[in-house]
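Observations on the model geometry
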Amino acid sequence: MRVQVEPMPLDALVELVNGWGVEPRRAGARSDVPPLAPHVRRAGVARPVADSLTDDDLVRFADTVFGIFAADGTAARVAAVSELLSTIDVRPDVVLTDGVVRRMWWADRDDALLAAALLALRGQLADEDPGRLGICVDGGCADIYVDGSPAGRRRFCSVQCQNRARAAKYRRTRRDAS
Ligand SMILES: [Zn+2]
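Note that the structure is predicted; figures quoted are calculated from it, not measured.

1. As for the overall build of the protein chain
Within the protein chain, the regular secondary structure consists of 8 helices and 5 strands. From first element to last, N terminus to C terminus, the protein chain shows the α and β order β-α-α-α-α-α-α-β-β-α-β-β-α. Projecting the C-alpha coordinates of the protein chain onto the three principal axes gives extents of approximately 70 × 35 × 30 Å. Put simply, the protein chain shows about 10,100 Å² of open surface, and 51% of that area lies on carbon and sulfur atoms. Each charge class in the protein chain can be summarised by its mean position, and for the 25 positive and 25 negative side chains these summaries are 9 Å apart.

2. Here's the deal with the coordination of the zinc ion
The coordination sphere of the zinc ion contains the protein donors C136 (SG), C141 (SG), C157 (SG) and C161 (SG), at a distance range of 2.3 to 2.4 Å. Classification of the site at the zinc ion rests on its 4 donor atoms, whose angles at the metal span 104 to 116°, yielding the label tetrahedral. Read from N- to C-terminus, the donor residues coordinating the zinc ion fall into the pattern C-x4-C-x15-C-x3-C. Pair noted here: C136 is in the loop between β4 (133–135) and β5 (144–146) and C161 is in helix α8 (residues 159–177), with a separation of 25 residues, a long-range link.

3. Notes on a positive patch on the surface
Positive charge collects at one region of the surface, where R155, K169, R171, R172 and R175 lie side by side. Within the secondary structure, K169 sits in helix α8.

4. Digging into the nonpolar core
By size, the foremost hydrophobic cluster in this structure holds 42 residues, and its most contacted members are V5, M8, L13, L16, V65 and L113. Secondary-structure elements contributing two or more residues to this core are β1 (2–5), α1 (10–20), α4 (47–52), α5 (55–70), α6 (73–85), β3 (100–108), α7 (112–127) and β5. For this core, the leading source of residues is α7, giving 11 residues. The contacts of L113, once residues within four sequence positions are left out, are M8, L16, A43, V45, L53, L58 and F61. Counting 6 residues, the second-largest nonpolar core is a separate cluster that includes C141, Y145, C157 and C161.

5. Considering the UniProt feature "domain: Zinc finger CGNR" (unreviewed entry) in the protein chain
Mapped onto the present numbering, the UniProt feature "domain: Zinc finger CGNR" (unreviewed entry) falls on residues 132–172. Between the C-alpha atoms that bound residues 132–172 there is a distance of 29 Å. The span itself is 34% helix and 15% strand.

6. Overview of the layout of surface pockets
The computed volume of the largest pocket comes to approximately 300 Å³. Ranked by residue count, the leading element in the lining of the largest pocket is α5, at 4 residues. The volume enclosed by the second largest pocket comes to roughly 200 Å³. Lining the second largest pocket, in full, are P7, L10, R103, W105, L119, A120, R122, G123, Q124, A126 and D127. Elements that contribute at least two residues to the lining of the second largest pocket include exactly β3 and α7. No other element matches the 7 residues that α7 contributes to the lining of the second largest pocket. Residue classes in the lining of the second largest pocket are distributed as 6 nonpolar, 2 polar and 3 charged.

Conventions used here
- Numbering of residues starts from 1 in every chain and runs along the sequence as written.
- Selection of residues for local features in this predicted model requires a pLDDT of at least 70, selection of side-chain atom pairs for listing and counting requires 80 or more, and totals for whole chains, interfaces and linings are taken over all residues.
- Side-chain numbers come from the whole structure's heavy atoms, not from hydrogens or water.
- Here a helix means four or more residues in a row that DSSP labels H or I, a strand means two or more in a row labelled E, and each is numbered from the N terminus.
- In this description, accessible areas are obtained by the Shrake-Rupley approach with a 1.4 Å probe, and a residue is regarded as covered only by the protein chains that are shown.
- We treat Lys and Arg as the positive residues and Asp and Glu as the negative residues; His and chain ends play no part in the count.
- Charge placement uses NZ in Lys and CZ in Arg. For Asp and Glu, CG and CD serve respectively.
- Only nitrogen, oxygen and sulfur atoms within 2.8 Å of the metal, or 3.2 Å for Na, K and Ca, are treated as donors, and water is left out, so sites may look incomplete.
- Square planar and octahedral sites, with four and six donors, are those where opposite donors lie more than 155 degrees apart and all other angles lie between 65 and 115, tetrahedral sites have four donors with every angle between 85 and 135 degrees, and the rest are irregular.
- Exposure above 30% relative accessible area and the lack of any salt bridge qualify a residue for a patch; like charges then connect within 9 Å, and the nonpolar side chains Val, Leu, Ile, Met, Phe, Trp and Tyr within 5 Å.
- Within this document, salt bridges are pairs made up of a side-chain nitrogen of Lys or Arg and a carboxyl oxygen of Asp or Glu, the two lying within 4 Å of each other.
- In plain words, nonpolar cores are sets of buried Ala, Val, Leu, Ile, Met, Phe, Trp, Tyr and Cys residues tied together by side-chain atoms within 4.5 Å.
- Type-normalised accessible area, obtained with a 1.4 Å probe on protein chains alone, sets the label of each residue: buried when under 20%, exposed when over 50%, and partly exposed for intermediate values.
- Two residues form a contact once any of their heavy atoms are found within 4.5 Å.
- UniProt positions are given in the numbering used here, feature names are shortened, and annotations may be inferred rather than shown by experiment.
- A 1.4 Å probe that fits into a set of points on a 1 Å grid over the protein atoms alone but cannot get out defines a cavity; an open set with protein on both sides within 12 Å along at least five of seven lines defines a pocket, and lining residues are those with an atom within 4 Å of a point.
- Grid points are joined across faces, edges and corners, and a volume is the space filled by probe spheres set on the points.
- Throughout, the ten residues Ala, Val, Leu, Ile, Met, Phe, Trp, Tyr, Cys and Pro are labelled nonpolar, Asp, Glu, Lys and Arg are labelled charged, and all others, Gly among them, are labelled polar.

So this is what it looks like as structure tokens:
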């Protein structure tokens, strides 16, 4: 069955990958996954599709998308998105909703979540700065992020990780000095 798909909001994409991805959970020592419903409802797929997703679906999805972020550099990330797009059937369409013309896509129901993510990442790579996809550099974290800061020099997933790394560096400096 074909369903409507829209590009996934990037913050929703980041939450899904960090919440269900094997590597972010391993690095962050999180054994549990978040509650499914509130997360998948923002994922850019139609409500019945979102409501039918299981934790296993989310883990598979998160690991696939994590692989794009783990790819080294823009060329490898573009290749990864391109390769994944070639495995699914996504058809662009245009619709008029409440007087507004919008872009929309159709995908197979089973591919809808991945299609929504790939559309978003394709947009980020092609229309925004392709260097802004990252994995937290903190040693005890492998959460992904999309850098939306003006300067575009973000290296941590969160302020917490940045502060932890800063404190560890400060302790190292003090120890070396004494
Ligand atoms: Zn982090």
